[in-house]
Amino acid sequence: MLSTIARRGRLLSTSISIRCASTLIIAEPASDVSALAPSTLAAISAAQKLHSGPITLMLNTSIDPSVVPSSISTILNTNQSDSLAETIAAAVKKAQETYSFSHIVAPATKFGSNVLPRAAAALNCSPITDIIDILSEDTFVRPIYAGSALAKVQSTEVVKVLSVRSTAFDQAEVDGSSATVVDLDVEKQILTEFVKANVSKSDRPELSSANIVVSGGRGMKNGENFHLLEALADKLGGAVGASRAAVDAGYVPNDLQVGQTGKVVAPDLYIAVGISGAIQHLSGMKDSKTIVAINSDAEAPIMQVADYALCQDLFKAVPELTEKL
C-alpha cells in the first residue's frame, strides 16, 4: 500500500514538473535587426526538444512576430540599448524572478559564452555549456577534451541554464508566430557603460552561418597572401576563416578564427588551406559536410580527416582552382 502511494507520488511529481516546464531563450543580436540570428533559430529548435511547455523569446529590441517561429508563445522585449553581459544578465534575472522558467537557453556562441556564466551566477546555479544533444529535460550531451569524447551530463538544478551548439541543431522554421509581446522593465545596470562598437562589415556571408568556408593557416606565410583565399571564397560565395596559428601570427583578425577557442562552423563545404589540423581547430570544423584539405605535407592531421586531400603547394593550387571556377 505504501509502495503504491510512493509510486503515485513520483508520478504526480513528474506530471507537475512537465506541466510547469517552460523555457526562456536569450536571443543573440542579429546583424539584420528585422530577423532572428541563425544561432537563435538553432536555440529555438533545441528548446523544442526539452519539453512540450511554452517557450519565451527574450530580445533587446522589438521584432515583428511574423519573423518568429510559431513555437514561440511569448516575446519579452527588454528595451535595452546594448548587449553587454551585465545588461543581458540583469534582464535574465528579472525575467526569471517574474516568470520562474524551468530552463534558460542561449546559443553557445561568443555572445552566449559571454552572457550565460554571469546570468547563471546571478541565479546561483551552474550552467551546462556547448550542448550538442538533448536526451531529456535534465540530461544532455556535450563534447569534452576538444571534442575527442562526449559526456552525458544530468543537471539537478531547479532551473537549468544551458547553451547549445548552433551547428548541432537545425534552425527552427520561421513560419510566423502569434506570440504575445510583453515589455520587461529592467533596472539599468551601472557596473559598466557601453561606449561604442567597431564592427567590420563585409559582403561575404557570416562565418558561423556560411554554407561554404575557405580557411587558411600558418602555411599562408603572411596576411597579404590571404587575398588568395578571399578570391576563392568570393568565387564560391563563401566566407573566409583562419586557424588559431594564423590569428596568433597576426595574419588576420581573431573574428575569423575557427576552432575550440574561436567559432564553431559546420558548412556544406570546408576548404582548409595550409592548415596542419591541430585538435583545437578540428573541434571547430569537423562537423562540416565535406572537408577539402590543400597542404604540401601529406602526413598533416588535416589530411587524415579530409574527404578530399590535395598534397600540393597551396600557392600553385589555390590560384589554379580559383581560375577554373
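Residues numbered from 1 in each chain as written. Predicted model: local features only at pLDDT ≥ 70, side-chain atom pairs only at ≥ 80, totals over all residues. Heavy atoms only, no water.

A. Fine view of the overall build of the chain. For the chain, the helix and strand inventory stands at nine helices and 15 strands. On C-alpha atoms alone, the chain measures out to a radius of gyration of 22 Å, which is about the 20 Å that the 2.2 N^0.38 rule sets for 325 residues. Its C-alpha atoms give the chain principal-axis dimensions of roughly 75 × 50 × 35 Å. For the chain, buried positions account for 46% of its 325 residues. By sequence separation, contacts in the chain at least 24 residues apart represent 63% of the contacts at least 6 residues apart. If you sum the accessible surface of the chain, you get close to 16600 Å²; carbon and sulfur atoms cover 51% of it. Each charge sign in the chain was given a centre, from 26 positive and 33 negative side chains, and these centres are 7 Å apart. (Helix = DSSP H or I, 4+ residues; strand = E, 2+ residues; numbered from the N terminus. Rg over C-alpha atoms; globule rule 2.2 N^0.38 Å. Buried < 20%, exposed > 50% of the residue type's maximum accessible area, 1.4 Å probe, protein only. Contact = heavy atoms within 4.5 Å. Areas by Shrake-Rupley, 256 points an atom, 1.4 Å probe, with all protein chains shown as cover. Lys, Arg positive; Asp, Glu negative; His and termini not counted. Charge placed at Lys NZ, Arg CZ, Asp CG, Glu CD.)

B. Geometry of the sheet that holds strand β6 (residues 133-134). Strand order in the open sheet formed by three strands is β6-β7-β8, and the pairing between neighbours is antiparallel. Looking along the sheet, the strands with just one partner apiece sit at the ends: β6 and β8 (149-154). Alignment of strand β7 (residues 139-144) against β8, held across six bridges, turns out to be antiparallel. Considered in β8, the bridge of Phe140 is made with Val153. (Pairing = 2+ DSSP bridges.)

C. The pairing of strand β3 (residues 72-77), seen in detail. The buried fraction of β3 amounts to five of the six residues, a majority that puts the element mostly inside the structure. Note that strand β2 (residues 55-59) and β3 share five bridges and pair parallel. Paired with Met58 across the bridge in β3 is Leu76. Bridge analysis of β3 against strand β10 (residues 180-183) gives four bridges, and the strand direction is parallel. Within the sheet, the bridge partner assigned to Leu76 lies in β10 and is Val182.

D. Highlighting the sheet that holds strand β13 (residues 269-273). The sheet built from five strands is open, its strands ordered β12-β11-β13-β14-β15 with parallel pairing. Each having just a single partner strand, β12 (239-242) and β15 (308-311) make up the two edges of the open sheet. Here the average twist between neighbouring strands, direction ignored, is 15°. Taken together, the four bridges between strand β11 (residues 212-216) and β12 define a ladder with parallel strand orientation. (Axes fitted to C-alpha atoms, helices over the stretch in contact; angles between N-to-C directions.)

These figures come from the coordinates and say nothing about function on their own.
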